[in-house]
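# Fold and contact review
Okay, here's what each chain looks like letter by letter:
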Amino acid sequence: MQKKPQLSFPKKFLWGAATSAHQVEGNTHNQWTVWEFENTIALATRASYHFEELENWPQIKLAAKDPSNYVSAKGADHYTRYAEDFDLLKNMQMNAFRFSIEWSRVEPQEGAWNVEAIEHYKQYVNALKRRNVEPIVTLFHFTLPVWFSEIGGFEKRRNVKYFTRFAEKIIRELGISVRYVVTINEPELYAIESYLGGHWPPNKTSKWTTWRMFNNLAYAHNQAARTIHAINRRYKVSIAKNSCYVYAGDNAVLSRFSAAVLQYIRDDYFLKKVVKQCDWLGVNYYFSDRVYGYRVHNPDKKLSDLGWDLSPENIQYALERLHEKYQLPIIITENGLADADDSQRQWWISQTLLAMHRAMKNGVKLEGYLHWSLLDNFEWDKGFWPRFGLISVDYTTKKRSLRPSAVWYGKIIKYLRENN
Ligand code: IFM
């Protein structure tokens, strides 16, 4: 009979979930909301071209072709319902939560701070602390105040000073109730989608600007981290790095060479620029890429609702590689899948936990796991139909329910926390 693996995690391990402001709060006003209104029809019209091949097209077709799917509007209304969501988080036995502060709420006009919004986020953090949940704050998760994007956003290096000022303001206002800070979420993805692929605002397609964005975002992280550390060295600062494990599918020299080059471009080019200003490493893991020759050709045995190849076990190698190269403690700041009928989430999480455990046995200093997402969220240019939440949201009534995988996951966390 096969022996059941004995999982054990450190006592202080952070078990939690993640969100970002624009994706769950509702009623934001930033460069994304402006873009949404201008692009609803185009996104709805292009939906069949992008998603028709998906197995679940019959189920998603109606939503994907509906222009209102692409407007974040009131969304899950987490801004006013956060206490209810935190109770569910506690119900799942979690002790950590990652969220972002919506810069456009806090500084709607350049230099004018919105006292009410700041007070809101203080209450928000207090609500977590009262529940013994460790807050992990993100400062930039793809959305910008309109005034900042109008002066060129991060494209202009001289604008970084506004981001640093915002970082300083937030850290001073939240004070010691916060310890973990993520300056920027998935910097390269943001640069690529917005400045190379032209898919996200401001829809540019310039290699030169993308390269400049990489450098400016790295500079923005380094400046913000220095500012935060100058306030107090106790703050633990990082970025949330979108990390993909790239491996050769065969032994051919070309496959191995291409995999190594791709991995370097995907991870190391950016990380090398910021690692000195990171106290830990935030890792967002969703997929790996298998390379034959110079092409990516994934197994595709299991796919998410978005058609992403599901290889949760490869997170082990992603973690081991990052540990070996950068020698920093790691927190998985995002990991999850779009799975509306919840048929694969439990399997995904269990495979991930086993892989994390193997990585830790091999020396990785892993300090936390935050599932993406706590609740169903607005998935940027895809809108509302992809369902990433442990908690499902009925967008009409705003009613929340724990998905079966979330109930199961809560039991696992309880067991792991009590037996370590
Ligand atoms: O929803 C996004 C999140 O904003 C950034 N990381 C990937 C998630 C799923 O696509």
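Here, every reference points to the structure presented above.
Reference entry: report on the structure contained in this document.

Helix and strand content of the chain: 14 helices and 13 strands. Computed over C-alpha atoms, the radius of gyration of the chain comes to 20 Å, within 12% of the 22 Å expected from 2.2 N^0.38 for 420 residues, which places it in the range of a compact globule. Within the chain, the proportion of its 420 residues that are buried is 60%. Relative to all contacts within the chain whose residues are 6 or more apart in sequence, the contacts with residues 24 or more apart total 76%. For the chain, the exposed area adds up to about 18,000 Å²; of that, 52% sits on carbon and sulfur atoms. Charged side chains in the chain number 56 positive and 45 negative. The centres of these two groups are separated by 6 Å.

A separate point is the environment of Asp66. As for its placement among the helices and strands, Asp66 is situated in the loop between helix 3 (57-64) and helix 4 (78-91). The spacing of Asp66 and Leu88 is 22 residues in sequence and 31 Å in space, taken between C-alpha atoms.

Attention now moves to the pairing of strand 3 (residues 134-140). Among the seven residues of strand 3, seven are classified as buried, and the element is accordingly described as predominantly covered. Sheet topology note: the strand 2 (residues 96-100)/strand 3 ladder contains five bridges and is parallel. Across the sheet, residue Phe97 finds its bridge partner in strand 3, namely Pro135. Bridge count between strand 3 and strand 4 (residues 180-185): four bridges; the pairing is parallel.

The next point concerns the site of the ligand. Near the ligand you find 13 residues, and of these Gln23, His141, Glu186, Glu334 and Glu379 are the closest. Side-chain polar atom of Trp372 to an oxygen atom of the ligand: 3.3 Å apart, as the coordinates give it. Classifying every residue of the shell around the ligand by side-chain character gives six nonpolar, four polar and three charged.

This brings us to the sheet that holds strand 7 (residues 281-285). Note on sheets: strands pair through backbone hydrogen bonds, and any given pair is parallel or antiparallel. Taken in spatial order, the eight strands of this closed barrel run 1-2-3-4-5-7-10-11, and their pairing is parallel. Neighbour to neighbour, the strand axes of the sheet diverge by 25° on average, direction disregarded. The strands touched by helix 10 (residues 207-231) are strand 3, strand 4 and strand 5 (236-242); relative to strand 4, the strand with the most contacts, the crossing angle is about 160°.

Glancing now at the environment of Pro187. One can find Pro187 in helix 9 (residues 187-195). What makes Pro187 buried here is its relative accessible area of 0%. Separated by 206 residues in sequence, Pro187 and Val393 place their C-alpha atoms 28 Å apart.

At a minimum axis distance of 10 Å, the contact between helix 6 (residues 115-130) and helix 8 (residues 160-174) shows a crossing angle of 50°. When the axis of helix 6 is compared with that of helix 8, the two are oblique. Where helix 6 crosses over helix 8, the two elements pack in a sense that is right-handed. Two secondary-structure elements touch here, helix 6 through Ile118, Tyr121, Lys122 and Val125 and helix 8 through Lys169, Glu173 and Leu174.

Strand order across the open sheet formed by three strands is 6-8-9, with mixed pairing between neighbours. Strand pairing shows two members of the sheet lacking a second neighbour, strand 6 (245-248) and strand 9 (295-296), which therefore form its edges. Of the pairings in the sheet, the one linking strand 8 (residues 288-292) to strand 9 comprises two bridges and is antiparallel in character. Within strand 9, the position partnered with Tyr292 by the bridge is Arg295.

Analysis parameters
- Residues numbered from 1 in each chain as written.
- Predicted model: local features only at pLDDT ≥ 70, side-chain atom pairs only at ≥ 80, totals over all residues.
- Heavy atoms only, no water.
- Helix = DSSP H or I, 4+ residues; strand = E, 2+ residues; numbered from the N terminus.
- Rg over C-alpha atoms; globule rule 2.2 N^0.38 Å.
- Buried < 20%, exposed > 50% of the residue type's maximum accessible area, 1.4 Å probe, protein only.
- Contact = heavy atoms within 4.5 Å.
- Areas by Shrake-Rupley, 256 points an atom, 1.4 Å probe, with all protein chains shown as cover.
- Lys, Arg positive; Asp, Glu negative; His and termini not counted.
- Charge placed at Lys NZ, Arg CZ, Asp CG, Glu CD.
- Pairing = 2+ DSSP bridges.
- Near = heavy atom within 4 Å.
- Polar contact = N/O pair within 3.5 Å; in protein donor to acceptor, adjacent residues only side chain to side chain.
- Nonpolar A, V, L, I, M, F, W, Y, C, P; charged D, E, K, R; others polar.
- Axes fitted to C-alpha atoms, helices over the stretch in contact; angles between N-to-C directions.
- Parallel < 35°, antiparallel > 145°, perpendicular 65-115°, else oblique.
- Left-handed = near helix turned anticlockwise from the far one by under 90°.

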